[in-house]
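# Results of the structural survey
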There are 2 protein chains.
Amino acid sequence: MTSTEKATERLQVLARQVTAGNATTRLAVCPKEMKDFLVHDNKELREAIYEFLKDDLYRPNHYQGLMEFREQTLQRLKKFVAQKFFSVRDYTNEPRRFMAALESLMYADYSLAIKAGVHFTLCGGTIAKLGTAYHHNKYLPGMDDLTLPGCFGMTELGHGSNVMGIETTAVYDKASGQFIINTPNDEASKYWIGGSGQHGKICAVFAQLTVNGQWQGPHVFVVRIRDDQGRLMPGVRIADQGPKMGLNGVDNGRIWFDNVRVPREDMLDAFASVSPDGTYSSSIPSVSQRFGTVVGGLTTGRVLIATGGVDGVKLALTVAIRYSCSRTQFGDRPIMDYVTHQARLLPPLAQTYALHLALGHLKTLTAARRPADAKAIHVLSSGLKAAATWGRVEAMQDCRECCGGMGFLSSNKIGPMMTDMNVDVTFEGDNTVMMQQVTRALLEDKAALSRGAPAVPSAGALAAGGTSCSKTLQSLLAYREGALLAQVAGEMAAAATRADGPAAKAAASAAAFDRQLDVVVSIGWAWVERFCHANFLQEVNRAPESLRTALDLLAQLYALSRIQRSLDFYLTVGALNRADVVALRNATMDIYAQLTAGGSRCAAVALCDAFGIPDHLLQAPIAFDWRKV
Amino acid sequence: MTSTEKATERLQVLARQVTAGNATTRLAVCPKEMKDFLVHDNKELREAIYEFLKDDLYRPNHYQGLMEFREQTLQRLKKFVAQKFFSVRDYTNEPRRFMAALESLMYADYSLAIKAGVHFTLCGGTIAKLGTAYHHNKYLPGMDDLTLPGCFGMTELGHGSNVMGIETTAVYDKASGQFIINTPNDEASKYWIGGSGQHGKICAVFAQLTVNGQWQGPHVFVVRIRDDQGRLMPGVRIADQGPKMGLNGVDNGRIWFDNVRVPREDMLDAFASVSPDGTYSSSIPSVSQRFGTVVGGLTTGRVLIATGGVDGVKLALTVAIRYSCSRTQFGDRPIMDYVTHQARLLPPLAQTYALHLALGHLKTLTAARRPADAKAIHVLSSGLKAAATWGRVEAMQDCRECCGGMGFLSSNKIGPMMTDMNVDVTFEGDNTVMMQQVTRALLEDKAALSRGAPAVPSAGALAAGGTSCSKTLQSLLAYREGALLAQVAGEMAAAATRADGPAAKAAASAAAFDRQLDVVVSIGWAWVERFCHANFLQEVNRAPESLRTALDLLAQLYALSRIQRSLDFYLTVGALNRADVVALRNATMDIYAQLTAGGSRCAAVALCDAFGIPDHLLQAPIAFDWRKV
């Protein structure tokens, strides 16, 4: 037997193992019980908002032009606000209620959710968090009843990811007791400002503050941009940014300030203030630390974008899995029977559970606001935002494709929703930058790094039964994170060693980081995967007994599918071998079979039903009876 | 030294090699010369159409509602048609001219391109190809001047991929000399019929023919669906399918036929005919072979969809690469400097060249129409369509993300274009089915399969300099195709062996195929990659000497990036090892450096300029000067 023949034989044996023994045990899942487990908070509020969204005003209209859609979105927001489901004060007082209310808009329309999010979270939350009683009394009532629609003026044309680099200036004028806000050049114009194109009346403007000739770094000012009648204020120029690929219910604008005067009191002063005589004071002396504190308090928006990403996938999966389990082609066989469909829809289902549970943990931390959790919140919100939205892009595209042409039809919701949501990978922090933030934070843990790279796990563990051992799976995920981190840290240290002097060492280290930016992003992913799996395992323990089998299976599928994506890494370092690859595939196929046994009453459908999307928000005809579209 | 320490050290050494020695030689590329090389045919026609598209009617308007957009698309098509750049008769007479004309609409608007494509290619081409002089004289003049807007009635609600399974019936009524067309149930309604929602007047309808009680399989009938005034014909019912996630300039409809009578002469009779007295005759006796011949003649649509996919990426890459080379952030460094940007934009650039050249080859075969090429055309059009459109989804999303928020703005074109084009992965044949067709065709080559699996290449070849050896790269790509094919074939044979009797053996073999459907799709990819690389190498040989360095580099990057995507396969079978992985990464990084050296005058920009998209069709402000948006 030649080596070729041997290799062939081996491949064939392996392939046989792969496809043998699909014992299709049907997994029983009670959607109601699972739903109760998944909804962490504010169940009544969520149900009440869903019920309210039965109003005809919230039915999609994909025929209208852009300006009509914007007007409709404004009317939708007004009617929603009038119900007083929550207050902008909940941003700090009852954060979980605040987040639950905004999250509940997701299934109705992403433009509405984002217009509400910009107003309440980005603008309102900034005033609630960075302002004090004066600002709360002056602005929050008008935000609660939408008489003062708010915008968030951080990003500039020339400065997106580099927020510290913004160029808008605020100079304190002692004589008048006012700040004078200016846009020094076109690149410093506020760009992408949601809600500013047509409706916004106030804007939380980030500007570089100078007091008495002394630069103090970026601070936030509440600037009136339109009067009560909607006319632009003196010195404020706004250009409507016009059509976008989606999210056209939101009126984005570009703003220039020309000597706009803002009362001294309208600088948000929780962390820094300027006295009438022009004395600057802050409890945080360093400009960069101060700015870090200011921005660090504003993670709620990022949490909500991540949550929205996961919710978008929930809807798409519910539509695609229900359809695939009932749609037949070439006879009576549902298309969900095909492994190509299973491999596209079921790993995202597991990932959705994993991310949903991880976001639950993050929301708990965000709401508790313990200073000790600040770094964890920073890492979690950055990593989960990137993973949830990148995961969404891929999962929704797969869902759309798995529905064939039906996925392209607006009435089936997946298509327009994924278009609207496409923005989420680059707003609230570009995902590549988000993943870098995760890695940068991990690189700060010198103690952990000093222990060096973790030991390479011995190959063969998956083949020896490890595919169903959560400890083995967790250790593989943890190994990848540790090994890649040690690699980048080692590179940076080595580069620094070769350079002379602190500045050169820092530069060499930074250059080494940049040269490995693709690995840096992989570390972000690896961190998220390890964390989500570990958190998933903890969640299984707190779940009712009756749900544990299903949740365990999803946690297992999540880990297996993430490991599968990084097989090249594991094989390269020798942590897995060929037998492991086969075992991994077998185990995955076995889980697919368990999740899909039972046709339209299979576990996969029940696990989607557990997301609890009401019929009137799910809407898609193919999620009910495709023969009657 | 423990094994862990050794592994760590090894990783660090490898990583150092990775990032060392970027000798950033700037690669010189003359865009004009490269453009001449890339445009295979009809240069003057293309330029003339581009020039014509300067007309204001073809400027995007993203403000309008759906019905206005449809009307605008119709007006755009009318004006285009009035120029008489080509005739529907070119479908058979001058296929390259036909394809070039339709392809040239791509950069203006995908709805326009598809509305034109449905009319000219799907309907007109079907009549030209499957009809005879009677049909040509009766219909083609009206198609050329758009007095007879045409539709293509193949897909039914219940039968998309399974075309043989359509249920619409055509029964010959000898007494009247007419066919009677019926829709027996809702699932048999013609679904997704482009152009039928509002404007279509004739439709090439696929229906199961019965003559004298004898079923003859699917045949095509030209059915008048609306009269000259646009009123529905008796017995024809059409439901407008309404909004889609994109492509809303095209009016898709759903059609039911209720005893619609069609003159005997209006059955397209190139391959089969019915005499007045009801005698059915065809040169092809078997129903399935006959249908195969009918459908096999209609590959032009698929070729054009694949071409459109590649063209979409050309535009997106031109915008994203130009922007990334000029856009700075965190100082003066252009974002294209980051390896994360390079890794997202440059492999698609190489892939675009590879696919463009492969499609050139396919177009040559399609135009030559040699019977001996039928199978090659089938495999190429299926595989390239799937690879081009799946590649497009990913590449355009990467382009959009690499432009940050700018990629989401409609004026920068990438966003709306990718939304419109999202349909291409499932229309003209679902991509998963397309890749299966490739594999099924390869599995028919029993002689090749009988030679068994190819020998596993010895690991270490890339590390030993193979990264720049086209033969090594080609043999790795060929090995993957051969090994996976042998695996599936072996599985099918083994399953058949275990079954008793021909029917059981066939069923067991088919079941084995289905169980490995994910591998089957991978074979389609592997075939495309091997073919595109081999074809690329041939093209380099016919290229002017001055272009060969750049083309060689792109061919190399194409192969390396495709091998990189399948690293898990190569590592599992032992065809590559750890040193190869490092060498592959080094080589890729080195190519990135060569392509990006020189900032906004780098080779990558020149290679995009060579796509020859005129400024007035490129349009995107960020492709010119992002500071002046």
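Predicted, not measured: the structure shown is a model, and the values here were computed from it.

## Concerning the overall build of chain A
- Within chain A, the secondary structure is distributed over 23 helices and 11 strands.
- By the compact-globule yardstick of 25 Å for 629 residues, chain A fits well, its C-alpha radius of gyration being 26 Å.
- Counting every position in chain A, which comprises 629 residues, the buried fraction comes to 56%.
- For chain A, the proportion of contacts with a sequence separation of at least 24, taken over those separated by at least 6, is 75%.

## Here's the deal with the domain arrangement of chain A
- Per the domain assignment, the segments of chain A are domain 1 (46–143), domain 2 (152–286), domain 3 (299–429 + 598–629) and domain 4 (430–596).
- The centre of domain 2 of chain A, based on its C-alpha atoms, is set 41 Å off from the matching centre of domain 4 of chain A.

## Examining the sheet that holds strand E7 (residues 236–240) of chain A
All names here are of chain A.
- Here we have three strands laid out as an open sheet, ordered E4-E8-E7, and antiparallel in their pairing. Each end of this open sheet is capped by a strand with a single partner; those strands are strand E4 (190–194) and E7. The average angle at which neighbouring strand axes cross in this sheet is 35°, direction not considered.

## Here we look at the sheet that holds strand E8 (residues 252–257) of chain B
Residue and element names in this part refer to chain B.
- Pairing within the open sheet is antiparallel, and its three strands lie in the order E4-E8-E7. Lying at the two open borders of the sheet, with one neighbouring strand each, are strand E4 (190–194) and strand E7 (236–240). Pairwise comparison of adjacent strand axes, ignoring direction, gives a mean angle of 35° for this sheet.
- Examined bridge by bridge, E4 and E8 share three bridges and lie antiparallel to one another. Of the residues in E8, the one forming a bridge with Gly194 is Asn252.

## Comments concerning unusual backbone geometry
- Here Lys84 of chain A, not a glycine, exhibits a phi torsion of approximately 50°, which is positive.
- Following the sequence through the fold, Lys84 of chain A ends up in the loop between helix H4 (66–82) and helix H5 (90–93).
- Even without a glycine there, the phi angle at Glu428 of chain B is positive, about 55°.
- In this fold, Glu428 of chain B is placed in the loop between helix H13 (414–421) and helix H14 (431–443).
- When the 25 C-beta atoms within 10 Å are taken as the criterion, Glu428 of chain B is described as buried.

Scoring rules and cut-offs
Residues numbered from 1 in each chain as written. Chains lettered and ligands numbered in written order. Predicted model: local features only at pLDDT ≥ 70, side-chain atom pairs only at ≥ 80, totals over all residues. Helix = DSSP H or I, 4+ residues; strand = E, 2+ residues; numbered from the N terminus. Rg over C-alpha atoms; globule rule 2.2 N^0.38 Å. Buried ≥ 20, exposed ≤ 12 C-beta atoms within 10 Å, placed from the backbone. Contact = placed C-beta atoms within 7 Å. Domains from an automatic or database assignment. Pairing = 2+ DSSP bridges. Axes fitted to C-alpha atoms, helices over the stretch in contact; angles between N-to-C directions.

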